[in-house]
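Examining the three-dimensional arrangement
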Amino acid sequence: MKTFAEMTKSVSAFDNFDEAAQGVLNIISEFVKINTLFIAKNDNIHNQIIKVVNQKDKLLQEGEKLPFNETLCKLSVDHGREILIIPDLTKSELSQSLEVAKNLGGGSFIGIPIYFENGENYGTICGLDSKSFPFTEEHIRLFETMASLLTFVLELENANKQIQNLSAPFVPITSGVAVLPIIGFINEDRAEKIIQLSLQKSQELNLDYLVIDLSGISQIDHVVSNSLLKIATLLKLIGVKPILTGFHPDLALKALSLQMELKDIIIEANLERALNKIGLKLEKRDRL
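Identification of the chain as Histidine kinase from Terribacillus saccharophilus is taken from an unreviewed UniProt entry.

Listed below in C-alpha cells is the structure:
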C-alpha cells in the first residue's frame, strides 16, 4: 500500500476540481475500506453525486441526483464544519426517517462539508456502507484534511477563472462595436476559450466589428497565430469584421517569421486608429 505522502504527491498535477475530487476519493479509498466514498454538490434544492468510488456493492452512481432535504449530505451540512458519524442509520433520530436509510436496512455514514473560502457550502465528502463500519481517529483526520484540500482546490479554480476573464475582457464600445484586449501568455486551452468568447459575445451584442488588441500578448507562436486566424475566419462567417491592433515590433517580426496570412484582415497600429477606420472618433473632454 502506498503511503499517504506518496498518494498526495500527485494532487498538484490535477487540472481542475473534478480531477482533484476523483483523486481525493482514490486516496481515501486506500486508507478507509468503507464500501462507498463520494463527493456531492448541492444548491440547497438538489444534491448531485459528482464523483463516487464503490467497492463491493454499488450503493451510489455518478450523476445521481436527489432532493437535498432527503439526503444524508444535508445532515452533514446541518451538522456544521465538524465531521458527522452515524454508526447505524436506522437507529439514529437524524437519519431513520430518510428513504436511503430504509433502503439500506441499516449501515453507517461519515460526512463532512466542503466550503468555499467565503463560507458558502459547495457540498460534502462522505462515506457510506450497508453495514456497521469501525471509524477511527485516523479516518476522521483524513476526511477533515481532504475537505480542507478540496476547499483549497475550489479557490484555486475560481482564482484561475477570474484571471482568465481578466486576461481577455470583452469591452463593448458602442452599438455594433466591441474591443477584446488579449493579455499575457496564450496556450491552446486559453486560445480556445478566447475563440468561444469572441463568437458568443459577438452574437449576443449583434456586433459589426470586433477590435482585437494584441499589445498585451507576451509572445506570439504557432498557437497564437493559428488562433488569431481562426478567430478572424469564424467572425467573418457570422458577419463580424475583425480588426487587429497592437502589433508592436517584436510581435510583427514574429508574425512575419511565422508567415501569418494577414492580407485579408484589417490591421491598425492602435485602438484609436481602428475606431477611426470604422467611423468612430475618440474625443478628449476637459474636466469641469
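After that view, the rundown keeps rolling.
Glancing now at the overall build of the chain. When helices and strands are tallied, the chain shows 9 helices and 11 strands. Out of the 288 residues in the chain, the part that is buried amounts to 44%. Within the chain, contacts between residues separated by at least 24 positions form 60% of all contacts whose residues are at least 6 apart in sequence. About 16,300 Å² of surface is accessible on the chain, with carbon and sulfur atoms providing 50% of the total.

It is worth spelling out the environment of Phe68 at this point. Positionally, Phe68 belongs in the loop between β3 (65-67) and α3 (72-78). If we skip the residues at most four places from it in the chain, Phe68 touches Asn42, Asn44, Ile45, His46, Asn47, Cys73, Lys74 and Val77.

Moving on to the nonpolar core. If you look at the biggest cluster of nonpolar residues, it comprises 30 residues, and the most contacted ones within it are Ile28, Ile125, Phe143 and Leu150. Broken down by secondary-structure element, the contributors of at least two residues to this core are α2 (17-31), β1 (36-42), β2 (46-54), β5 (108-115), β6 (121-129) and α5 (137-166). When residues in this core are grouped by element, the largest group, 8 residues, is from α5. The contacts of Ile28, once residues within four sequence positions are left out, are Leu37, Ile125, Leu142, Phe143 and Met146. Ala191, Ile212, Leu214 and Ile265 belong to the second largest nonpolar core, which has 24 residues in total.

Right, let's get into the side chain of Thr124. With respect to the element layout, Thr124 can be found in strand β6. What Thr124 contacts, discounting residues up to four positions off in sequence, is Phe38, Ile39, Ala40, Cys73, Ser76, Val77, Ile112, Pro113 and Ile114.

With that settled, consider the sheet that holds β1. The strands that make up a sheet pair up through hydrogen bonds in the backbone, lying either parallel or antiparallel. Taken in spatial order, the 6 strands make up an open sheet running β3-β2-β1-β6-β5-β4, and their pairing is antiparallel. The strands lining the two open edges of the sheet, one partner per strand, are β3 and β4 (84-86). For this sheet, the mean angle separating the axes of adjacent strands, direction not counted, is 25 degrees. Of the pairings in the sheet, the one linking β2 to β3 comprises 3 bridges and is antiparallel in character. Note on β3: the bridge partner recorded for Gln48 is Lys65. Against the sheet, α2 makes contact with β1, β2 and β6, and its axis sits at roughly 50 degrees relative to β2, the strand it touches most.

Turning next to the packing of aromatic side chains. Per the stated rule, a full pass over the model turns up 3 aromatic pairs. Between Phe116 and Tyr122, the aromatic rings sit 6.0 Å apart at their centres with planes inclined by 80 degrees, giving edge-to-face as the arrangement. Taken individually, Phe116 and Tyr122 each receive the classification buried, so the pair is uniform in this respect. Ring centres 5.0 Å apart and planes at 55 degrees place the aromatic pair Phe133 and Phe135 in the tilted group.

For the structure shown, the criterion picks out 6 salt bridges. Between Asp129 and Lys131 there is a salt bridge whose closest N-O contact spans 3.6 Å. On the accessibility criterion, Lys131 (54% relative accessible area) is exposed. The partner of Glu192 in a salt bridge is Lys230, with the nearest N and O atoms 3.6 Å apart. Remark: Lys230 occurs in helix α7 (residues 222-237) and Glu192 occurs in helix α6 (residues 188-204); sequence separation between them is 38 residues.

Within strand β10 (residues 241-245), 4 of the 5 residues are buried, which leaves the element mostly enclosed by the surrounding structure. Sheet topology note: the strand β9 (residues 209-217)/β10 ladder contains 5 bridges and is parallel. Along β10, the bridge assignment pairs Asp213 with Thr245. Two elements, β10 and strand β11 (residues 266-268), share 3 bridges in a ladder whose sense is parallel.

Along the chain, Asn121 turns up in strand β6. Spatially, the C-alpha atom of Asn121 lies 7.9 Å from that of Val77, the residues being 44 residues apart in sequence. For Asn121, the residues in contact, after removing those within four places along its chain, are Asn42, Val77, Pro113, Ile114, Tyr115 and Phe116. A distance of 2.7 Å separates a polar atom in the side chain of Asn121 from a polar atom in the side chain of Asn42.

Bridge analysis of strand β8 (residues 177-184) against β9 gives 7 bridges, and the strand direction is parallel. Within β9, the residue paired with Val179 across the bridge is Val211. Regarding topology, α6 serves as the crossover connection from β8 to the parallel β9, and that connection is right-handed.

Thresholds applied
- Residues numbered from 1 in each chain as written.
- Predicted model: local features only at pLDDT ≥ 70, side-chain atom pairs only at ≥ 80, totals over all residues.
- Heavy atoms only, no water.
- Helix = DSSP H or I, 4+ residues; strand = E, 2+ residues; numbered from the N terminus.
- Buried < 20%, exposed > 50% of the residue type's maximum accessible area, 1.4 Å probe, protein only.
- Contact = heavy atoms within 4.5 Å.
- Areas by Shrake-Rupley, 256 points an atom, 1.4 Å probe, with all protein chains shown as cover.
- Core = buried A, V, L, I, M, F, W, Y, C linked by side-chain atoms within 4.5 Å.
- Pairing = 2+ DSSP bridges.
- Axes fitted to C-alpha atoms, helices over the stretch in contact; angles between N-to-C directions.
- Phe/Tyr/Trp six-rings, centres within 6.5 Å; stacked < 30°, edge-to-face > 60°.
- Salt bridge = Lys/Arg side-chain N within 4 Å of Asp/Glu carboxyl O.
- Polar contact = N/O pair within 3.5 Å; in protein donor to acceptor, adjacent residues only side chain to side chain.
- Right-handed = clockwise from strand over helix to strand, strands pointing away.

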